[in-house]
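Results of the structural survey
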Amino acid sequence: MKFINFINNLDKRWIYLILALCIIIPFLFPVGFPMKTTPPVKSIYDFIEDSIPEGGVVLIGADYDPSTMAELHPMAKVVAAHALSNNLRVLFVTLYPQGAGMAQDVIDNVLREWNKSNPDNPKELGKDITLLAYVPGVSAVVLKMGEDILQTFNEDGYGNKLSELEVMKGIKNYNNINLMVELAGSSVVLTWLIYANGRYGLKMGIGTTAVSAAEYYSYLQSKQAIGMLGGLKGAAEYEHLLDEKKVYGGRKDASIGMDAQSSAHIFFIILIILGNIAYFVKKRKEGK
Amino acid sequence: MAISTNFWIWIAALLTLAIYSFLYKDNPFYKFAEYLLVGISIGYGISIYWHNTIITKVYNPLVYDKNFLVLIPLLLGLLMFSRFFKNVSYLSRIPIAFVVGAGTGLSVPSSFEFLFKQIYATMPLKLDIGSLIIVVGVISTLVYFFFSLEHKGFVGKVSKVGITFIMVAFGAAFGYTIMARVSLFIGRIQFLLSDWLGIIK
């Protein structure tokens, strides 16, 4: 009974401290828990790997801000790096003002790491990759892109005229985009699914935070999306797949956090079991 | 181990610690970091809107391209500010009506099409256990939310199946939520240990 009372009266700050240790220790002493690649992740990887011809275009939606950066930033980096490794062109687009900063950070990072690991096949901003300037309007922007991308944005996120960029050669609307991978932790994914996929038939993959992942499984079932990266685990699986190709030397932000994620989950499972035992014992005792 | 010498990484690290100090108890460092975040987010948003909307979409087309059609949306936008003046505030209804009308017109057909795809995906195209679970789950959950009949007898039993499916969905969503929150914490710890302290690669 003493133990049950201890659990019921435990100061939550102890739980925070133990959780922090559960996360910090695996970073210092990695265990290397096994990781399995799931079909929704594999199908996005396979599509970029096998179904897009050289010079094709991958559109990446960076519709997130620093609050969900931990999960979505690794996805953006690894998908962009994978597309570049297949000599595809990469366009970033954002419907959020803060997304522009996120996308620029990804582009800087991926170009730096790519050019460091592949000096014989360098990639350039404006030639292989760019960010379309942020334009407010959300659904209006998505719809107008279906008609004319150049007219929708005029400029890239760096102030250059889109019509003068090599990366935009031959791109008019969604017909010239091979795949869009929308990265967001909000319902903006639905805007892309409803208008870009629904109205214009743009092939889409979803990258989302773990909170939203359960909600978006139904769009895989209905084939409105070809695949999904769910949370940090989804990004880690993709990093694992790209790692097998051995073409990109960038830091595997998601994979190195997987041990910490697993140990935190074990801690939570223990907490849930202990919490339930304490609850039922207390309830039984009060009933007597 | 190489501690960062980048001033901005130190600022980011100290602000991260200031935010997490709230877990011990509320304090001025937390409040400072919180207000700073709100202020910077709004300031950043305004600067992006100013450049990418007012300059790129209004000023440049008007001044350099002499595209006077831009005046129509500009006028509609300016009418929104009539709300600040009581005697002409009714004018703000014009742009609102335009946005609501155009928005509804655009979204209704697409949303229906979107919904039909979801309904179609619910129909069992092959007889397997997965399809059966989807059909039973959708129907029983809909029955649970059907309040025109009392949940007794057959309807009551079906709605009980429905609530079981809802609970499973909540459980999955809760599990994913824990995963997401832990991921965010992992992101920060990774930043502190790697970018700031240089303890890990």
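Numbering of residues starts from 1 in every chain and runs along the sequence as written. Ligands are numbered from 1 and chains lettered from A, in the order in which they are written. Note on the predicted model: pLDDT of at least 70 is required for a residue's local features to be given, and 80 or more for side-chain atom pairs to be given and counted; whole-chain, interface and lining totals, by contrast, use all residues.

As for the UniProt feature "transmembrane region" (unreviewed entry) in chain A
Residues and elements named next belong to chain A. UniProt positions are given in the numbering used here, feature names are shortened, and annotations may be inferred rather than shown by experiment. UniProt marks residues 14-33, 177-195 and 262-281 with the feature "transmembrane region" (unreviewed entry), using the numbering shown here. Between the first and last C-alpha atoms of residues 14-33 the distance is 26 Å; the span itself is 75% helix and 0% strand. Under the scheme used here, helices are H or I runs from DSSP no shorter than 4 residues and strands are E runs no shorter than 2 residues, and both carry numbers assigned from the N terminus. End C-alpha to end C-alpha, residues 262-281 measures 29 Å, and it is 100% helix and 0% strand.

Examining the domain arrangement of chain A
These domain limits were set by an automatic method or by a database of domain assignments. Domain boundaries in chain A define domain 1 (2-30 + 263-287) and domain 2 (39-253). Relative to domain 2 of chain A, the C-alpha centre of domain 1 of chain A lies at a distance of 39 Å.

Comments concerning the pairing of strand β4 (residues 179-184) of chain A
Residues and elements named next belong to chain A. Any residue surrounded by 20 or more other C-beta atoms within 10 Å of its C-beta is treated as buried, while 12 or fewer makes it exposed and the intermediate range makes it partly exposed; C-beta atoms here are placed from the backbone. Taken across its six residues, β4 has six buried, putting it largely inside the fold. What you see with β4 is no split at all: Leu 179, Val 181 and Leu 183 on one side and Met 180, Glu 182 and Ala 184 on the other are buried throughout. The pairing of strand β1 (residues 57-63) with β4 spans six bridges and is classified as parallel. Within β4, the residue paired with Asp 63 across the bridge is Ala 184. With five bridges connecting them, β4 and strand β5 (residues 204-208) associate as parallel partners. Looking at the pairing, Glu 182 lines up with Ile 206 of β5. Only when DSSP finds a minimum of two bridges between them are two strands counted as paired.

A closer look at the UniProt feature "transmembrane region" (unreviewed entry) in chain B
UniProt tags residues 6-23, 35-55, 67-85, 90-109, 129-149 and 161-186 of chain B as "transmembrane region" (unreviewed entry). Split by type, residues 90-109 of chain B is 85% helix and 0% strand. Its first and last C-alpha atoms lie 30 Å apart.

Here we look at the nonpolar core
In globular proteins that are soluble, nonpolar side chains generally tend to be buried together. All names here are of chain A. Counting 95 residues, the largest nonpolar core has Val 58, Ile 60, Ala 80, Val 90 and Phe 92 as the members making the most contacts within it. Structurally, this core is a two-domain feature, drawing no fewer than three residues from each of domain 1 (2-30 + 263-287) and domain 2 (39-253). Residues are scored as being in contact if the C-beta atoms we place from backbone atoms lie within 7 Å. If sequence neighbours within four positions are ignored, Ile 60 has contacts with Ala 76, Val 79, Ala 80, Val 90, Phe 92, Val 181 and Leu 183. Nonpolar cores are identified as sets of buried Ala, Val, Leu, Ile, Met, Phe, Trp, Tyr and Cys residues joined via C-beta atoms within 7 Å.

Considering the interface of chain B and chain A
Residue-level contacts link 38 residues of chain B with 44 residues of chain A. Every element with two or more residues in the side of chain B that touches chain A is listed here: α2 (28-63), α4 (93-122) and α6 (153-196) of chain B. Top element by residues in the side of chain B that touches chain A is α6 of chain B. It accounts for 17 residues.

Considering unusual backbone geometry
Leaving glycine aside, a negative phi is the common case for residues, and trans is the common case for peptide bonds. Residue and element names in this part refer to chain A. Phi is positive for Asn 87, close to 55°, though the residue is something other than glycine. Tracing the chain through its elements places Asn 87 in the loop between α4 (69-85) and β2 (89-93). Unusually for a residue other than glycine, Lys 223 sits at a positive phi of about 65°.

As for the confidence of the model for chain B
All names here are of chain B. pLDDT runs from 0 to 100 and stands for how confident the predictor is about each residue. Scored by pLDDT, chain B has a mean of 92; 100% of the residues are at 70 or more. Highest mean pLDDT in chain B belongs to helix α1 (residues 7-20) (96); lowest belongs to α4 (89). On the interface metric, ipTM, the complex scores 0.84, and its pTM is 0.88.

Describing the environment of Ser 110 of chain B
Structurally, Ser 110 of chain B is set in helix α4. Exposure remark for Ser 110 of chain B: the 18 C-beta atoms within 10 Å place this residue in the partly exposed category. The residues touching Ser 110 of chain B, leaving out its near neighbours within four places in the chain, are Ile 194, Tyr 195, Gly 198 and Arg 199 of chain A.

A few points about the environment of Ala 13 of chain B
Residues and elements named next belong to chain B. Here Ala 13 shows up in helix α1. Residue class for Ala 13 comes out partly exposed when judged on the 19 C-beta atoms lying within 10 Å of it. As a C-alpha pair, Ala 13 and Thr 53 span 40 residues in sequence and 33 Å in three-dimensional space. Residue contacts for Ala 13: discarding those within four places in its chain leaves Leu 192 and Trp 196.

Brief notes about helix α5 (residues 97-117) of chain A
Think of an α-helix as turning once every 3.6 residues; residues three or four places apart then point the same way. The terminal C-alpha atoms of α5 of chain A lie 31 Å apart, and with 21 residues this matches the ideal 30 Å at 1.5 Å per residue to within 8%. For α5 of chain A, the full list of buried residues reads Gln 98, Gly 99, Ala 100, Gly 101, Met 102, Ala 103, Val 106, Ile 107, Val 110 and Trp 114 of chain A. Along its buried surface, α5 of chain A packs onto β1, α4, β2 and β3 (129-131) of chain A together with α2 of chain B. To estimate how far a helix should reach, multiply one less than its number of residues by 1.5 Å.

Quick look at the packing of helix α2 (residues 12-28) of chain A against helix α11 (residues 258-287) of chain A
Residues and elements named next belong to chain A. Where helices are involved, their axes are fitted lines through C-alpha atoms of the stretch in contact, as for all axes, and angles between N-to-C directions lie from 0 to 180°. Running from N to C, α2 and α11 cross one another at 150°; their axes reach a closest spacing of 8 Å. With respect to α11, the axis of α2 lies roughly antiparallel. Crossing angle aside, the handedness with which α2 passes α11 is right-handed. Contacts between α2 and α11 pair Ile 18, Leu 19, Cys 22, Ile 23, Pro 26 and Phe 27 from the former with Asp 259, Ala 260, Ser 263, Ala 264 and Phe 267 from the latter. Grouping the constituent residues of the contact of α2 with α11 by class yields nine nonpolar, one polar and one charged. When describing relative orientation, an angle under 35 degrees is termed roughly parallel and one over 145 degrees roughly antiparallel, while 65 to 115 degrees is termed roughly perpendicular and anything else oblique. Each helix crossing is assigned a hand: it is left-handed if the near helix lies turned anticlockwise from the far helix by less than a right angle, otherwise right-handed if that turn is clockwise. Residues are grouped as follows: Ala, Val, Leu, Ile, Met, Phe, Trp, Tyr, Cys and Pro are nonpolar; Asp, Glu, Lys and Arg are charged; every other residue, Gly included, is polar.

Brief notes about helix α9 (residues 210-221) of chain A
Those residues of α9 of chain A that sit buried are Ala 210, Val 211, Ser 212, Ala 213, Tyr 216 and Tyr 219 of chain A. For α9 of chain A, the arc enclosing every buried residue in end-on projection is 130°, short of the 170-degree limit, so these residues lie on one face. Packed against the buried residues of α9 of chain A are α4, α8 (188-200), β5, β6 (228-230) and α10 (231-245) of chain A together with α6 of chain B. Phi turns positive, to about 65°, at Lys 223 of chain A, one or two residues after α9 of chain A. This arc corresponds to the set of directions leading from the helix axis out to the C-beta atoms.

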